[in-house]
Amino acid sequence: MSMENLSRRGFLKTSTGAAALGTVALSSGVHQTQAAAASLAPPNETIRKAREAALAILKPSPKDLEHGLELHAGSLVFESYGFAPRAAPDGDKIRRAMEEGASETELGDLREELPMIRMATDERERQEFLQAFRAAGVTCIFQNAGEESNDPLRLVKRLARFTFTTDLLRNELCKAVTPDDIVAAKQQKRLCLYFSANGVPLPQQWNNVRDELGFIRVFQQLGIRMMHVTYNRRNPLGDGCGESTDGGLSDFGRAAVAEMNRVGVIVDVAHSGWRTSLEAAQTSQQPMVASHTTAAAVHRHIRSKPDDVIRAICDTGGLVGICCISGFLGGAGHIGTFLDHIDYVAKKFGVERVAIGTDIAYESRHAASERAKIPKRSDAPRSQPRWEALWPEGSLSGRGHPSLAWTNWPLFTVGLVQRGYGDDAIQKILGGNVLRVARAVWGSRA
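Note that the structure is predicted; figures quoted are calculated from it, not measured.

A tally of helices and strands in the protein chain yields 19 helices and 12 strands. The C-alpha atoms of the protein chain give 21 Å as radius of gyration, which agrees with the globular expectation for 446 residues (22 Å, within 12%). By principal-axis analysis of the C-alpha atoms, the protein chain measures approximately 70 × 55 × 45 Å. Within the span of the protein chain, comprising 446 residues, buried residues form 59% of the whole. If you take every contact in the protein chain between residues at least 6 apart in sequence, the share linking residues at least 24 apart comes to 78%. For the protein chain, the exposed surface amounts to about 17700 Å²; the carbon and sulfur share of it is 49%. Here the protein chain contributes 54 positive and 50 negative side-chain charges, whose respective centroids are spaced 3 Å apart.

Encoded structure:
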């Protein structure tokens, strides 16, 4: 059954009477809108509980709820940065690999790979994946299909996994190659991914600038459409948001931005320092983004962006995507706080300059039971923090709020309806703005 054919009664049927729904007038509202086309009945308990958590905060009127769900179902929803639902690992496969003497590198690869591909190889995980994706009502995710790295061999591994998954699930989940593919996917009621590499691929041979940047075009040809200038740490392009001194964009970084502009790859400064982000925006000749961030004026955080940086990004024709990480949002860190950040950017910089990049994922309900099959190893070496994981003390504090679950996208739309945004404005925030930037950058390529 398609999203458009699911009723509002279905969306709420497992929630009617729940205390978490607060003062929402459910019974009268359901009777008033029995025939209304809206968005997805909760297909499982995890999704239902998340929706109850969001509804308890939003407390929408039946009219706003109905309109928001209908609008969401009919809209092209294009996430500015995120993750497709994650499959459960195969606990038996990992256990066998351990028994056969697999190295720590092999085991690490398996643990990362299986949640990215099992929806394409295991029927139970495929159904779980499609349920969650469709419950969210998302057409396309700007998918993290790379690494927080500049090593081409590391970057290509995750890209291979998502290429594999979209190849095998092509009738339901396609790899979008152009922005028009995303529009076609919505029309055909298919799902799709548009790929981000996270890092700029560098061979690090340092013969000359042009050779060092040559892999940008190679990865564009492999389907990558967006790249981070930096992650949290300093790299040859500039400083990440975790560095205590933000040295800004290097001369090499300016050359990298120019090359991304030339070949049609979106420049992303979500994890870059404030000065680095500002100088990247001043350098870019094409629309660029901070794909998953927050507004520093609402809550100051290393992953937020201050007004001067947001203005510079907007001046390129780009946008900022607001994420769903509670600690980055500050305050109550729930769906209301998230909407506050969207409100701030929309009202100060224009509704054309804001999107949603949740930076979170739905995880299969079977993940815990699969992980329980994996033997605990007393002799396993103690893991060290990954190189790129430079998070100053306190910057990752706080758990995610359940109201910000990835499958609550339809209720993000309801929240925007409650805040008085018109349908056209909401559709820009949900995906129109990201599509506009994607089209502009893709169309400008050399």
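Bringing the pattern of salt bridges into the picture now. The final tally for this structure, using the stated rule, is 35 salt bridges. Its salt-bridge partner being Glu-147, residue Arg-386 comes within 2.8 Å of it at the nearest N-O pair. With Arg-386 in the loop between helix H17 (367–371) and helix H18 (409–418) and Glu-147 in strand E4 (residues 140–147), this pair connects stretches of sequence that are 239 residues apart. Across the pair Lys-373 and Glu-370 runs a salt bridge whose closest N-O atoms are separated by 3.0 Å. Judged by its relative accessible area of 35%, Lys-373 falls in the partly exposed class. One network of salt bridges, in which partners are shared, links Asp-109, Glu-112, Glu-113, Glu-147, Arg-154, Lys-157, Arg-158, Arg-161, Arg-386 and Glu-388.

For the rest of this paragraph, the subject is H18. In an α-helix there are 3.6 residues to a turn, and that puts residues three or four apart on one side. Within H18, 9 of the 10 residues are buried, leaving the element largely enclosed by the surrounding structure. Backbone geometry just downstream of H18 places Gly-420 in the positive-phi region, at approximately 90°.

Viewed as axis vectors pointing N to C, helix H4 (residues 62–74) and helix H19 (residues 423–443) meet at an angle of 50°, and their least axial separation amounts to 11 Å. Judged by the inter-axis angle, H4 sits oblique to H19. Our pair here, H4 against H19, has a crossing hand that is right-handed. Residues His-67, Leu-71, His-72 and Gly-74 of H4 pack against Asp-423, Ile-426, Gln-427 and Leu-430 of H19. In terms of residue class, the contact of H4 with H19 is built from 3 nonpolar, 4 polar and 1 charged.

On to unusual backbone geometry, then. With phi around 60°, Lys-189 is a residue other than glycine that occupies positive phi space. In this structure, Lys-189 sits in the loop between helix H9 (179–187) and strand E6 (191–198). Phi at Asn-198 takes a positive value of approximately 70°, unusual for a residue other than glycine. Checked against the element boundaries, Asn-198 lands in strand E6. We classify Asn-198 as buried; its relative accessible area is 2%.

What follows is about helix H8 (residues 152–168). Under the 1.5 Å per step criterion, the end-to-end length of H8 is 24 Å for 17 residues, consistent within 8% with the ideal 24 Å. Within the sequence span of H8, burial applies to Pro-152, Leu-155, Arg-158, Leu-159, Arg-161, Phe-162, Thr-165 and Thr-166. Check the buried side of H8 and you find it contacts helix H6 (104–121), E4, strand E5 (173–175), E6, helix H11 (214–221) and strand E7 (224–228). Capping the start of H8 is the job of one residue whose side-chain oxygen sits 3.0 Å from the backbone nitrogen of Leu-153: Asp-151.

All told, the structure shown has 12 aromatic pairs when counted by the stated rule. Summarising the aromatic geometry, the rings of Phe-338 and Phe-412 are spaced 4.8 Å apart at their centres and angled 50° between planes, so their arrangement reads as tilted. Pair noted here: Phe-338 is in helix H16 (residues 335–349) and Phe-412 is in helix H18, with a separation of 74 residues, a long-range link. Of the two residues, Phe-338 and Phe-412, both sit in the buried class. Clustering of aromatic rings is evident, with ring pairs tying together Phe-78, Phe-142 and Tyr-194. The ring centre of Phe-83 lies 4.8 Å from the NZ or CZ of Arg-86, which sits over that ring. If you follow Arg-233 out to its NZ or CZ, it ends over the ring of Trp-387, 4.4 Å from the centre.

Here we take up the environment of Pro-60. Looking at where Pro-60 falls in the secondary structure, it is placed in the loop between helix H3 (45–58) and H4. C-alpha separation for the pair Pro-60 and Phe-338, spaced 278 residues apart in sequence, amounts to 16 Å.

Attention now moves to the environment of Ile-266. With respect to the helices and strands, the residue Ile-266 is situated in strand E8 (residues 266–268). According to the relative accessible area criterion, Ile-266 is buried, its value standing at 4%. The spacing of Ile-266 and Pro-287 is 21 residues in sequence and 7.3 Å in space, taken between C-alpha atoms. In this structure, Ile-266 is in contact with Phe-142, Arg-225, Met-226, Met-227, Met-260, Pro-287, Met-288, Val-289, Val-437, Ala-438 and Val-441, ignoring residues within four places of it in sequence.

Further remarks concern the side chain of His-366. As for its placement among the helices and strands, His-366 is situated in the loop between strand E12 (354–356) and H17. For His-366, a relative accessible area of 18% gives the class buried. In contact with His-366, other than residues within four places in its own chain, are Ala-88, Arg-124, Glu-125 and Glu-128.

What follows is about the packing of H16 against H18. What describes two packed helices is the angle between their axes and the distance between those same axes. In the contact formed by H16 and H18, the axes pass within 11 Å of each other and the chain directions differ by 60°. As the angle between them shows, H16 and H18 are arranged oblique. Once H16 is placed against H18, the crossing between them reads as right-handed. Here Ile-335, Phe-338, Leu-339 and Ile-342 of H16 lie close against H18, whose contacting residues are Leu-411, Phe-412, Gly-415 and Leu-416.

Parameters at a glance
Residues numbered from 1 in each chain as written. Predicted model: local features only at pLDDT ≥ 70, side-chain atom pairs only at ≥ 80, totals over all residues. Heavy atoms only, no water. Helix = DSSP H or I, 4+ residues; strand = E, 2+ residues; numbered from the N terminus. Rg over C-alpha atoms; globule rule 2.2 N^0.38 Å. Buried < 20%, exposed > 50% of the residue type's maximum accessible area, 1.4 Å probe, protein only. Contact = heavy atoms within 4.5 Å. Areas by Shrake-Rupley, 256 points an atom, 1.4 Å probe, with all protein chains shown as cover. Lys, Arg positive; Asp, Glu negative; His and termini not counted. Charge placed at Lys NZ, Arg CZ, Asp CG, Glu CD. Salt bridge = Lys/Arg side-chain N within 4 Å of Asp/Glu carboxyl O. Axes fitted to C-alpha atoms, helices over the stretch in contact; angles between N-to-C directions. Parallel < 35°, antiparallel > 145°, perpendicular 65-115°, else oblique. Left-handed = near helix turned anticlockwise from the far one by under 90°. Nonpolar A, V, L, I, M, F, W, Y, C, P; charged D, E, K, R; others polar. Expected span 1.5 Å × (residues − 1). Polar contact = N/O pair within 3.5 Å; in protein donor to acceptor, adjacent residues only side chain to side chain. Phe/Tyr/Trp six-rings, centres within 6.5 Å; stacked < 30°, edge-to-face > 60°. Lys NZ or Arg CZ within 6 Å of the ring centre and 35° of its normal.

By themselves these figures say nothing about function.
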